[in-house]
Amino acid sequence: MSTTEGTPPLRPHGEARPGYSLDVRLWKVTKVDRKARPYQLRWVVGGKVSSATFATSALADNRRSELRQAMRRGEAFEIASGQPESEVRAADEAAATAAEAKPSVRWFEFCRRYVAGRWRMSAAKTREGMADGLAAVALAMVKRSDKTPEDKHLRLAFRWAIVPANAGQDPPAELKAAYEWLTNEDRPVADLVDLEVFEDVLYRLSYRLDGTPAAGETNKRRRRVLNTALEHAVATKELPENPLQGAHKKRGGSGGVVDRRVLVNAVQGRQLLTAVSYVGSWDRNRGRRLVAFYAVLYYAGLRPAEAVGLRLSDCHLPEAGWGTLTLRETRPVSGKQWTDSGERHDRRGLKAREADTDRPVPIPPVLVAVLRNHLKEFGTAKEGRVFGNERGGVVGSSTYWRVWEEARLLALPPERVDSPLAGRPYDLRHACITRWLNAGVPIAEVARRVGNSPEVIHRRYHGCIDGHEEAANAKITKALEEDGDA
């Protein structure tokens, strides 16, 4: 059993200021069962136990001697930290001196350092997301006057300047004024603790430049970016705490649930694929070259970026029966300034999976036939990719978006063109997933094939599964009839 030493009665009539106590009891050093720092010293200040561990018994004994000397001098100890008043005062003075010697870094310089530190370890999409989120905050972190450039120019200037490769370079002429304003009229990071400034920051996260609400996913993404940056600011002592942690987070409208109005039925799906083949038939077969591209979204549930990266070596296409697509790579569009290769399309592993894992997806005979016909007519693009543009390059998102918009005009009646029905190529993936769920395929198997978690599938597509409402109504009707019989 360890022994304690009470406070020597050097100041029997003294009084400690609030938060401090003269009632200090010190235990002897003990050895605890731990590999690192096994020597423990414990003491009690005003009834609160404090402790410290040390690598050697000599260090522990030295610390015990320091505390004992402070007790003999009659020093009060801070109850919260357990430290003698002289040590607390010295620490406060050192912190104040450091704060005076190191003024708060300004917002743009903080962002530049922060992004540069994360650049090498981040994917192109992550880099672009960081730039977008921090650029939105930058609009609240600049001082305003009649000479302030337009927000759209400030945002573009920030996105240009935040790229590490552009450090030290002259900005484009059209962004020069905005760049100079960002770097000369930005606020210190410490201003984020100001309530008025931080409320403007929250507004910028939630709204677009035209004042309309940003999409729920955009708000979430920007908020995540800011939260990570603020945690870094706390770690580097630029902020005492993360102000975003205490900010109320508004709930998104839909929570990412798929809108049933975007889903096409079997007839509409076939009509749209047929219409694609007619787009640009006079212009390098723009549409016919992409029929199979949209078909893998509609019949196999691929993401557009996964379809872009699909290679012939990933395809098992037998003459009869089901085939398989083994997905190994995704080619998301980011922009040349965000990728290491200088290409618009980044080269990444599959979403939400380890970089060296693949995802086999069984495909029905109808899709096997479409892909075989596509390869017979167009062959493969560069690097053995199944889909390519007329020069054999990567299919750009602007290309498959334009073709899709033209196909909707050909396939849909006028009153449906302005509706959400199949408004995006990605909606073909939604239609595929919904079709599988309605066919009775278990959620876990659907999730495996499309590369999502079962929780995501259940949350996003629950309202798209047919028959649930009718089944529930039938059960309620039966219960009411039984109650009536009783």
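Note: the structure precedes this text.
Presented here is a report on the structure given in the accompanying data block. (Residues numbered from 1 in each chain as written. Predicted model: local features only at pLDDT ≥ 70, side-chain atom pairs only at ≥ 80, totals over all residues. Heavy atoms only, no water.)

### Some words on the packing of aromatic side chains
Where two aromatic rings form a pair, the distance of their centres and the angle of their planes describe that pair.
Right, on to step 1. Tallied over the entire structure, the rule returns eleven aromatic pairs.
Right, on to step 2. Ring plane angle 35° and centroid distance 5.8 Å describe the contact between Trp 107 and Phe 110, whose orientation is recorded as tilted. One end of the pair is Trp 107 and the other is Phe 110, both in helix 3 (residues 107-119) and three residues apart, which spans about a single turn. Grouping residues by exposure puts Trp 107 and Phe 110 together as buried.
Right, on to step 3. Taken together, the ring pairs in this structure connect Phe 293, Tyr 294, Phe 387, Tyr 400 and Trp 404 into an aromatic cluster.
Right, on to step 4. Its end group placed over the ring of Tyr 298, Arg 435 keeps NZ or CZ at 4.5 Å from the ring centre.
Right, on to step 5. A cation over a ring is seen here: Arg 449 above Trp 436, with NZ or CZ 5.8 Å from the ring centre. (Phe/Tyr/Trp six-rings, centres within 6.5 Å; stacked < 30°, edge-to-face > 60°. Helix = DSSP H or I, 4+ residues; strand = E, 2+ residues; numbered from the N terminus. Buried < 20%, exposed > 50% of the residue type's maximum accessible area, 1.4 Å probe, protein only. Lys NZ or Arg CZ within 6 Å of the ring centre and 35° of its normal.)

### With respect to the sheet that holds strand 8 (residues 315-316)
Right, on to step 1. The strand order across the open sheet built from three strands is 8-9-10, with neighbouring strands paired in antiparallel fashion. Looking at strand neighbours, the two that pair on one side only are strand 8 and strand 10 (359-363), the edges of this open sheet. (Pairing = 2+ DSSP bridges.)

### Observations concerning helix 16 (residues 443-450)
Right, on to step 1. For helix 16, the complete set of buried residues consists of Val 446, Ala 447, Arg 449 and Val 450. What you see down the axis of helix 16 is that its buried residues fit within an arc of 165°, all on one side.
Right, on to step 2. Looking one or two residues past helix 16, Gly 451 carries a phi angle of roughly 80°, positive in sign. (Arc of directions from axis to C-beta.)

### Structural notes on helix 1 (residues 57-72)
Right, on to step 1. With 16 residues, helix 1 should reach 22 Å at 1.5 Å per residue; the first-to-last C-alpha distance of 22 Å fits that figure.
Right, on to step 2. Within helix 1, the full set of buried residues consists of Ala 60, Arg 63, Arg 64, Leu 67, Ala 70 and Met 71. The arc that holds every buried residue of helix 1, seen down its axis, measures 120°, which confines them to one face.
Right, on to step 3. Looking at the residues trailing helix 1, positive phi occurs at Gly 74, about 80°. (Expected span 1.5 Å × (residues − 1).)

### Considerations on the pairing of strand 10
Right, on to step 1. What you see with strand 10 is a clean split: Arg 359, Val 361 and Ile 363 sit on the buried side and Pro 360 and Pro 362 on the side with no burial.
Right, on to step 2. Inspection of the sheet shows strand 9 (residues 323-327) paired to strand 10 by five bridges, in the antiparallel sense. From the neighbouring strand, Leu 327 faces strand 10, where its bridge partner is Arg 359.

### Observations regarding the pairing of strand 9
On a regular strand, each side chain points to the face opposite its neighbour's, so the side chains alternate between the two faces of the sheet.
Right, on to step 1. Summarising burial for strand 9: four of the five residues are buried, a large majority.
Right, on to step 2. Across two bridges, strand 8 lies against strand 9 in antiparallel orientation. Bridge pairing in strand 9 links His 316 to Thr 324.
Right, on to step 3. Taking the residues that link successive antiparallel strands as the turn, the strand 8-strand 9 hairpin has six residues, and the phi of Gly 321 there is positive, at about 85°.

### Examining the pattern of salt bridges
Right, on to step 1. This structure, assessed with the given rule, holds 30 salt bridges.
Right, on to step 2. In this structure, the salt-bridge partner of Glu 377 is Arg 288, at a minimum N-O distance of 1.7 Å. Taken together, the positions of Glu 377 in helix 12 (residues 365-378) and Arg 288 in the loop between helix 9 (266-278) and helix 10 (291-300) put the pair 89 residues apart, joining distant regions of the chain.
Right, on to step 3. The exposure class assigned to Glu 377 is partly exposed, which follows from its relative accessible area of 42%. (Salt bridge = Lys/Arg side-chain N within 4 Å of Asp/Glu carboxyl O.)

### Quick notes on the side chain of Arg 385
Right, on to step 1. Within the secondary structure, Arg 385 sits in the loop between helix 12 and helix 13 (397-411).
Right, on to step 2. Among the polar contacts made by the side chain of Arg 385, one reaches the main-chain carbonyl oxygen of Phe 387 at a distance of 3.3 Å.
Right, on to step 3. Polar side-chain contacts of Arg 385 include one of 3.3 Å to the backbone oxygen of Gly 392. (Polar contact = N/O pair within 3.5 Å; in protein donor to acceptor, adjacent residues only side chain to side chain.)

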